[in-house]
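Now for the letters of each chain:
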Amino acid sequence: MPDANEDPPDIEDALLRRGARSTPYPAAPSAIRSGRDTLSVEVALTVFRQMLRTRAIEERSIKMSKSGEAYFWIGGPGEEAFNVCLGLQINKGHGPAHDYLHLHYRNAGIMLTMGMPMIDHTRQLAMRWTDRHSRGRNFVGHYSIPEWNVIPVTSVIEVQFAMAPGTALVQKRHGQKNPTENEGITVVVGGEAGTAEGDFESCLNWTTRPGQELPVLMLVTNNRYGISTDLDTVHTHRPIADRAIPYGMRYETIDGNDPVATWHGIDRAMRYCRRERKPFLLETMVSRLHGHSSSSGAQRNWNEADSLAAFEQKLIDAGAIDTNAVRALKDEAKAEADRAVVETMKEPEPTREDVYAFTYAESAVDTIYPKDFTGLPGAR
Amino acid sequence: MANMAQAVRMALHFGEKHLGVTDVFGEDVGPPLGGVFTATQGLRTAWNTPLDERGIIGTAMGIAYAGGRPVCEIQFCDYAFNVLDMFKIAGNQRWASGGGYDMPLVVMTPNGAGIRGSLYHSHSFESWASRLPGWKVVMPSNALDAYGLMLAAIKDPNPVLVLLPKALLRAKDTRLIPGEPADADELSRMIDAPVNDRVGWEPNWPNLEDHTVKIGSAELVREGTFGTVISYGRPLPLCAQAADELAAQHYRTFDVIDLRSIFPYDWGMISRSVLKTGRVLIVNEDTEVTNFGEHLLRRVVDEHFYDLSVRPRTLMGKHVPGIGMNQNYEVNSVPQLGDIRTALWDLATEAA
């Protein structure tokens, strides 16, 4: 039986068939094109490799949730092009001179592309004490990396859009005081269903106050579903991006399944936010290849367009890569994911002594909890 | 001699000047109004927000993430219910991130009844707030404590909710905040914005000094032997008054504990007093079903059952949907002086 996560079940060896179409190979191209947009082969192959790694960790994660190595899975297979193109363009670092990331739970690709090792993903999925994001407390993909300004991801839909103006406010002030550090922006990501929450509107409003506009890149990944609910049944047919119009905010809708278009859409929006210190609403149309989460089975949906398969074919057709190299990259990515899981499963779990840890920061003005939470006040 | 609103204002000024407060913000918090209770007049970092409580708490969290020290206001706690999940998140960020992020955030909001505020300017919030792990929750009953608890809230690197009893915001303290001029009129001329034209007005801040009331420290405001009264906020002065009356008229004296911190609460002081008197009354104005006072009652029963002489009891607000506008509604749903005096008398005189 073919592996349900990898290639369509009706194709015995999809890779060979795709490769066969483009033989004999054309001369190596200098750029990969999509409409008027181009990517250098070097960047395109970097994007492709990171997309493969992202797909590999997501598919391995789904297996973990089904094998008992983990419980709940949620993630972003189908959003690799968006995640990778965004991750490669982040101004990574700590503090207001760099970008702040208010993500949601389908953004593994951003983190891997920024340099997070796969094991930092699987440790959270396997609920280990070594999980650097949450000590085994939170769902997978709920990253938190202070050194890279990655704000803790929370399961509550859209609240990150209410927080984004705060980090951007500090960034804008910081840039005004330190003109050489005036490029940091706040990147906030959510799905299209979440835009029904008032917090989305809060972000539009708070970032466009006259004279006090804030450098927030508002990103909506539109996969057309909120768990099981079709967007067309709960939202006007006007694009989500049109919600920027009454606020006078710049906006665009792009094809998030096309890495070349996605790269440039993000680049345009980011450059605007960085230079103008103003917000931009970018809607990216993406696929949801494994449903909402493990709660809906996480089975592969073959009716959805696959950005990774399409990009692979595009690169092969263009002669930027051959099937053997693709296979090697895939094997490498899968092996990397397997190594991360094997190592993760050897690591310790949290214990009963860890329940209270990290509730409170040390305080010199608290007589009950000067160090951390220790149970009810005065408890014996 | 400052009133509580002036004390909060002076604490925020001290916070801006000495403790790194970067933003004081909320609805009508900045100029020209400076807060619907005047608690933020003349502050250097005060600014007005959209009428959006979720945006206020979310933005405060964002500022805190990026290294700022925000103090924000929900104009009335009655309008904090749509931010309960933002409060939950602010309270769990440190725990959820395994210590990755601190959340140095202060939220202040007027609490309780007593200003003829009708349904939606009379809610009490402390019982809701007590169900927000990760937060610290304080409520002063006088201006000096308001100053001291606000400074503690600002200094504490965790989220702190400062509940300000609406009915006491205009109440003057008999004591002086360190650095405050002795003449209340002089203080008013220095820091109260003119009623009409405020263009170009600048406050003339007194040279204030630090005075921190540590979180988790209650104050024993009356000492006695016939019973223990645990209260905070608006009913606290009434409890002290009732205790004074019973002491003067009937020689019955009480320990009156001003809890000051809802969480963490000063269990040590409560426990010592219960051991001494064996009689306990808990008084607050929040609605009585699943009231924070019931938690204190549970601990008293759990840990002092055999130390009690008579049944421990509570006096709380009635479980009604709101405080009605007509005073007959309020006085019959929120503990009044007479109710407290009667409850104290019953507590002291019930046969053991």
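Everything numeric here is computed off the predicted structure, so don't read it as measured data.

A. Broad picture of the overall build of chain B. Along chain B, the regular secondary structure elements total eleven helices and twelve strands. Here the C-alpha radius of gyration of chain B, 20 Å, is about what a compact globule of 352 residues would show, namely 20 Å. Summarising its shape, the C-alpha atoms of chain B cover approximately 65 × 50 × 40 Å along the three principal directions. Burial analysis of chain B (352 residues in total) assigns 58% to the buried set.

B. Up close: the overall build of chain A. Helix and strand counts for chain A come out as ten helices and nine strands. Its C-alpha atoms give chain A a radius of gyration of 22 Å, within 12% of the compact-globule value 21 Å for 380 residues. Once the C-alpha set of chain A is aligned to its principal axes, its extents read approximately 75 × 55 × 45 Å. Counting only residues that meet the buried cut, chain A has 49% of its 380 residues in that class. Taking all contacts inside chain A whose residues are at least 6 apart in sequence as the whole, residues at least 24 apart take part in 73%.

C. Fine view of helix H2 (residues 41–67) of chain A. Spanning 27 residues, H2(A) covers 38 Å between terminal C-alpha atoms, matching the ideal 39 Å at 1.5 Å per step. Directly after H2(A), the chain includes Gly68(A), whose backbone phi takes a positive value near 95°.

D. Fine view of the nonpolar core. With 201 residues, the main nonpolar core has Leu217(A), Ala7(B), Met150(B), Val162(B) and Leu344(B) as its most contacted residues. At ten residues, the largest contribution of residues to this core is made by helix H5 (residues 143–155) of chain B. Per-domain counts for this core show at least three residues from each of domain 1 (4–191) and domain 2 (219–349) of chain B. When near neighbours in sequence (up to four residues on either side) are disregarded, Leu217(A) contacts Ile185(A), Val187(A), Ala269(A), Met270(A), Cys273(A), Phe280(A) and Leu282(A).

E. View of the packing of H2(A) against helix H3 (residues 80–87) of chain A. All names here are of chain A. Close contact between H2 and H3 brings their axes to 9 Å; oriented N to C, the two are set at 120°. The angle between H2 and H3 falls in the class oblique. Like other packed secondary-structure pairs, H2 and H3 cross with a definite hand, here right-handed. Contacts from Val-47, Gln-50, Met-51, Thr-54 and Arg-55 in H2 reach Glu-80, Ala-81, Asn-83, Val-84 and Cys-85 in H3.

F. Seen up close, the interface of chain A and chain B. Listed by partner, the interface residues are 42 residues for chain A and 44 residues for chain B. Mapped by element, the contributors of at least two residues to the side of chain A that touches chain B are helix H6 (159–177) and helix H7 (198–206) of chain A. If one sorts the elements of the side of chain A that touches chain B by residue count, H6(A) sits on top with ten residues. Classifying every residue of the side of chain A that touches chain B gives 22 nonpolar, 16 polar and four charged.

G. How the structure looks around the domain arrangement of chain B. All names here are of chain B. Domains assigned within chain B are domain 1 (4–191) and domain 2 (219–349). Summarising the inter-unit geometry, the C-alpha centres of domain 1 and domain 2 are found 26 Å apart. Across the contact, 26 residues belong to domain 1 and 23 residues belong to domain 2. Sorting the residues of the side of domain 1 that touches domain 2 by element identifies helix H4 (126–129), strand E5 (136–138), H5 and strand E6 (160–165) as the ones contributing at least two each.

H. The packing of helix H1 (residues 4–18) of chain B against H5(B), seen in detail. Residues and elements named next belong to chain B. For the pair H1 and H5, the least separation of the axes is 8 Å and the interaxial angle reads 30°. Judged by the inter-axis angle, H1 sits roughly parallel to H5. Note on packing geometry: the crossing formed by H1 with H5 is right-handed. Listed contacts from H5 to Met-4, Ala-7, Val-8, Met-10, Ala-11, Leu-12, Phe-14 and Gly-15 of H1 are Ala-143, Leu-144, Ala-146, Tyr-147, Met-150, Leu-151 and Ile-154. Broken down by class, the residue content of the contact of H1 with H5 amounts to 14 nonpolar, one polar and no charged.

I. The sheet that holds strand E4 (residues 106–111) of chain B, seen in detail. Residue and element names in this part refer to chain B. Strand order in the open sheet made by the seven strands is E2-E1-E3-E4-E6-E5-E10, with mixed pairing throughout. Each of the sheet's edge strands pairs with one partner strand only, and the pair in question is strand E2 (46–48) and strand E10 (261–263). Taking each pair of neighbouring strands and ignoring which way they run, the sheet shows an average axis angle of 25°. Packing against the sheet, helix H2 (residues 53–65) makes contact with strand E1 (23–26), strand E3 (70–73) and E4, and its axis sits at approximately 175° to E3. Its contacts with the sheet place H5 against E3, E4, E5 and E6, and it is angled at close to 165° to E6.

J. Expanded view of the sheet that holds strand E12 (residues 313–317) of chain B. All names here are of chain B. Spatially, five strands are ordered E7-E9-E8-E11-E12 in an open sheet, and the strand pairing comes out mixed. Looking at the sheet topology across the chains shown, the edges are occupied by strand E7 (219–222) and E12. Averaged over all neighbouring strand pairs, the angle between strand axes comes to 25°, with direction disregarded. Running over the sheet, helix H7 (residues 235–250) touches E7, strand E8 (228–231), strand E9 (255–258) and strand E11 (280–287) and is turned about 160° from E8. The strands touched by helix H8 (residues 267–277) are E7, E8, E9 and E11; relative to E9, the strand with the most contacts, the crossing angle is about 170°.

K. Structural detail: the environment of Arg175(B). All names here are of chain B. Of note, Arg-175 is situated in the loop between E6 and helix H6 (184–191). For Arg-175, a count of 13 C-beta atoms within 10 Å gives the class partly exposed. Along the backbone, Arg-175 and Leu-144 are 31 residues apart, and their C-alpha atoms lie at a distance of 7.0 Å.

L. Representation of the environment of Asn204(B) within the structure. Residue and element names in this part refer to chain B. For Asn-204, the position within the fold is in the loop between H6 and E7. On the basis of neighbour counts, which here come to 10 C-beta atoms within 10 Å, the residue Asn-204 falls in the exposed class. Each C-alpha atom, one on Asn-204 and one on Asp-192, is 9.2 Å from the other, the two residues being twelve residues apart in sequence.

M. Just unusual backbone geometry, in detail. Residue Pro32(B) is bonded to the preceding Pro31(B) through a cis peptide linkage, with omega at 10°. One can find Pro32(B) in the loop between E1 and E2. Note the cis peptide between Phe263(B) and Pro264(B), where omega equals -5°. Unlike most non-glycine residues, Arg135(A) shows phi in positive territory, near 55°. Unusually for a residue other than glycine, Ser118(B) sits at a positive phi of about 60°. Its location among the elements puts Ser118(B) in the loop between E4 and H4. When the 16 C-beta atoms within 10 Å are taken as the criterion, Ser118(B) is described as partly exposed.

N. Local environment of H8(B). All names here are of chain B. Among all positions in H8, only Met-269, Ile-270, Ser-273, Val-274 and Thr-277 are buried. When H8 is viewed along its axis, its buried side chains cluster within an angular range of 130° and face the same direction. Each element contacted by the buried residues of H8 is listed here: E7, E8, E9, E11 and helix H9 (292–304). A positive backbone phi angle near 70° is found at Gly-278, which sits one or two residues after H8.

O. Expanded view of the confidence of the model for chain B. Taken over all residues, the pLDDT of chain B has a mean of 97, while the share at 70 or more is 100%. Complex prediction metrics read pTM 0.95 and ipTM 0.96.

P. The arrangement of the pairing of strand E4 (residues 186–191) of chain A in detail. Residues and elements named next belong to chain A. Taking burial as the measure, the six residues of E4 include six buried ones, the bulk of the element. Burial of the side chains of E4 extends over both faces: Thr-186, Val-188 and Gly-190 are buried on one face and Val-187, Val-189 and Gly-191 on the other. Pairing analysis gives three bridges linking strand E3 (residues 100–102) to E4, with the strands arranged parallel. The residue bridging Tyr-100 from the neighbouring strand is Thr-186, located in E4. Note that E4 and strand E5 (residues 216–222) share six bridges and pair parallel.

Scoring rules and cut-offs
Residues numbered from 1 in each chain as written. Chains lettered and ligands numbered in written order. Predicted model: local features only at pLDDT ≥ 70, side-chain atom pairs only at ≥ 80, totals over all residues. Helix = DSSP H or I, 4+ residues; strand = E, 2+ residues; numbered from the N terminus. Rg over C-alpha atoms; globule rule 2.2 N^0.38 Å. Buried ≥ 20, exposed ≤ 12 C-beta atoms within 10 Å, placed from the backbone. Contact = placed C-beta atoms within 7 Å. Expected span 1.5 Å × (residues − 1). Core = buried A, V, L, I, M, F, W, Y, C linked by C-beta atoms within 7 Å. Domains from an automatic or database assignment. Axes fitted to C-alpha atoms, helices over the stretch in contact; angles between N-to-C directions. Parallel < 35°, antiparallel > 145°, perpendicular 65-115°, else oblique. Left-handed = near helix turned anticlockwise from the far one by under 90°. Nonpolar A, V, L, I, M, F, W, Y, C, P; charged D, E, K, R; others polar. Pairing = 2+ DSSP bridges. Arc of directions from axis to C-beta. pLDDT = per-residue confidence, 0-100.

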